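# Summary of the model geometry
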Amino acid sequence: MIAIIDYGVGNLFSLSSSLNYLGLSNAVTSEKNVILAADRIILPGVGAFADAYAKLEATGLISLIKEEAAAGKPLLGICLGMQMLFDKSFEYGVHAGLGFIRGEVCPIAEDLTEPLKVPHIGWNSLHFVKDSPLFKYNKEGDYVYYVHSYYGKNCAESVIATSLYGIEITGAVACGNVFGTQFHPEKSGEAGLRILKAFSEV
Amino acid sequence: MITKRIIPCLDVRNGRVVKGVNFSGVQDVEDPVAMAAFYNESGADELVFYDITASFEGRALFNDVLTEVAKQIFIPLTVGGAINSVADFDRVLKCGADKVSVNTGAVRNPSLITEAAKRYGNQCVVLSMDVKRVDGKYTIFAKGGRENTGIDALEWARQGEDRGAGELVVNSIDTDGVKRGFDTELLEEIGRRVSVPIIASGGAGSKEDFLKLFKTLPKVDAGLAASIFHFKEINIRDLKNYLRSNGVEVRL
């Protein structure tokens, strides 16, 4: 069973629906017992970093998520959920993250060298930087759906996929049993479903 | 590389898809869930569901239809129509929408954009604007094109972005249903004034219209259409193959 952490942000309906569609049992939950019993954890998220992190903190689940991941339980952060896996974020100030991924979350706009729109919204192609079990059912160039204004940076050791948007955008990261995707696999059609299926098998 | 998006729009009334020409003469087309599945298969990048129901029962049916679609289709879903409050945002998001498009509701109460953006993030708020030339000026119309608000469309677009809209749907009433191409004049004016993604709507009649749109207006990110897709005059996969072979990045 996959526990989708519910801490009051974002649309968890489509994430849960995609797992159901794949026949993967899942629970949208903030219950400690359910998360303990789960064999995998997904940390979703949309909105602003500080606000979302404060809400996650308010659930009192952070230490549990850290312990479970440290014990080897696969964890997948999606979108802002991925960003929260990092050491810190520079979204409206400096904020500490969960610290699973070495690196920081920075505004795309400051690094762009051509006049591209921010947020980066839409379908972009994936370039695999490293082999990862997360992409075992995908192929180079698969399109995934992004919506974000900040991106993971200085995290070269953990990057497993990137997308080009004027600059190289961190598309996905991995560090042991902890994974993160900046894009939304649950909104990325067939390519995204394949990634979720692969996560259920890591 | 980021791709240009092709978005079919499904107008839904009493649980069925309908499409008007110049906003009148609506005729029934097909079942929304089946159509959503068809579009998903044929390569649509996103789906827009527009609720044009007037009754309470119709609204409940719309919610059911949306929930059913969201269970089966895993590309972004935008919902519009009858969105007048943050509670309406909440209602459709709970049924599985990813983005919510506001039109008349935002004209009546512009702070709805601000409030919704604050609560759900800018990426969730799409400002949809119906624009018509009146005495040579681009003017915002409300209530599905029936009411001239007198609001300057170019100013409204900029205000929408300032208030937190994450994308703009620009629907030209002058070209809607005419099938002679998108309103490139209007779109160019709007493109000069905003930096959020622009979705062009109204007037697509051929594959060439989409090519012209993306080639001449690099600031337009997506093309939206209804009847030409519903009546299978254009197949989305064919359209995308055509665009790609002419140098436009698309998801295939």
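Residues numbered from 1 in each chain as written. Chains lettered and ligands numbered in written order. Predicted model: local features only at pLDDT ≥ 70, side-chain atom pairs only at ≥ 80, totals over all residues. Heavy atoms only, no water.

Here we come to the overall build of chain A. Looking only at helices and strands, one finds seven helices and 14 strands in chain A. Taken along the three principal axes of its C-alpha coordinates, chain A extends 50 × 35 × 30 Å. Residues classed as buried in chain A amount to 59% of the 202 residues present. Considering only contacts within chain A whose residues lie at least 6 apart along the sequence, 69% involve residues at least 24 apart. Carbon together with sulfur atoms contributes 51% to the accessible area of chain A, which is approximately 7500 Å² in total. Chain A carries 15 positive and 21 negative side-chain charges, and their two centres are separated by 3 Å. (Helix = DSSP H or I, 4+ residues; strand = E, 2+ residues; numbered from the N terminus. Buried < 20%, exposed > 50% of the residue type's maximum accessible area, 1.4 Å probe, protein only. Contact = heavy atoms within 4.5 Å. Areas by Shrake-Rupley, 256 points an atom, 1.4 Å probe, with all protein chains shown as cover. Lys, Arg positive; Asp, Glu negative; His and termini not counted. Charge placed at Lys NZ, Arg CZ, Asp CG, Glu CD.)

At the junction of the two partners, chain B supplies 36 residues and chain A supplies 24 residues. Of the roughly 2300 Å² buried where chain B meets chain A, counting both sides, 61% is carbon and sulfur surface. The interface formed by chain B and chain A contains two salt bridges. Its salt-bridge partner being A:Lys187, residue B:Asp98 comes within 2.8 Å of it at the nearest N-O pair. Secondary-structure elements contributing two or more residues to the side of chain B that touches chain A are α2 (56–72) and α3 (86–94) of chain B. No other element matches α2(B), which puts four residues into the side of chain B that touches chain A. Classifying every residue of the side of chain B that touches chain A by side-chain character gives 16 nonpolar, seven polar and 13 charged. (Buried area = accessible area lost by both parts, 1.4 Å probe. Salt bridge = Lys/Arg side-chain N within 4 Å of Asp/Glu carboxyl O. Nonpolar A, V, L, I, M, F, W, Y, C, P; charged D, E, K, R; others polar.)

Residues and elements named next belong to chain B. Residue placement: Tyr39 occurs in helix α1 (residues 32–41). When its relative accessible area of 1% is taken as the criterion, Tyr39 is described as buried. Each C-alpha atom of the pair Tyr39 and Met129 lies 24 Å from the other, and the pair is 90 residues apart in sequence. Tyr39 has contacts with Pro8, Leu10, Ala44, Leu47, Ala226, Phe229, His230 and Ile236, leaving out every residue within four places of it along the chain.

Moving on to the packing of aromatic side chains. Across all of its chains, the model carries eleven aromatic pairs over all chains by this definition. Consider the rings of B:Phe182 and B:Phe210, whose centres lie 5.2 Å apart with planes at 80 degrees: the pair is edge-to-face. Taken together, the residues span a long stretch of sequence, with B:Phe182 in the loop between β10 (167–172) and α7 (184–193) and B:Phe210 in helix α8 (residues 207–216) at a distance of 28 residues. By relative accessible area, B:Phe182 is classed as buried at 8%. Judged by its relative accessible area of 0%, B:Phe210 is buried. Of the aromatic side chains, those joined through ring pairs into one cluster are B:Phe38, B:Tyr39, B:Phe182, B:Phe210 and B:Phe229. Note that B:Lys232 overlies the ring of B:Phe38, its terminal NZ or CZ placed 4.9 Å from the centroid. One residue, B:Arg251, lies across the ring of A:Trp123, its end atom 3.7 Å from the ring centre. (Phe/Tyr/Trp six-rings, centres within 6.5 Å; stacked < 30°, edge-to-face > 60°. Lys NZ or Arg CZ within 6 Å of the ring centre and 35° of its normal.)

All right, on to the environment of A:Lys187 then. Inspection of the secondary structure puts A:Lys187 in the loop between β14 (178–181) and α7 (189–199). Each C-alpha atom of the pair A:Lys187 and A:Tyr137 lies 17 Å from the other, and the pair is 50 residues apart in sequence. Those residues in contact with A:Lys187 that sit more than four places away from it in its chain are A:Ser14, A:Trp123, A:Tyr145, B:Ile73, B:Phe74, B:Ile75, B:Pro76, B:Leu77 and B:Asp98. At 3.2 Å, the side chain of A:Lys187 and the backbone oxygen of B:Ile75 are in polar contact. (Polar contact = N/O pair within 3.5 Å; in protein donor to acceptor, adjacent residues only side chain to side chain.)

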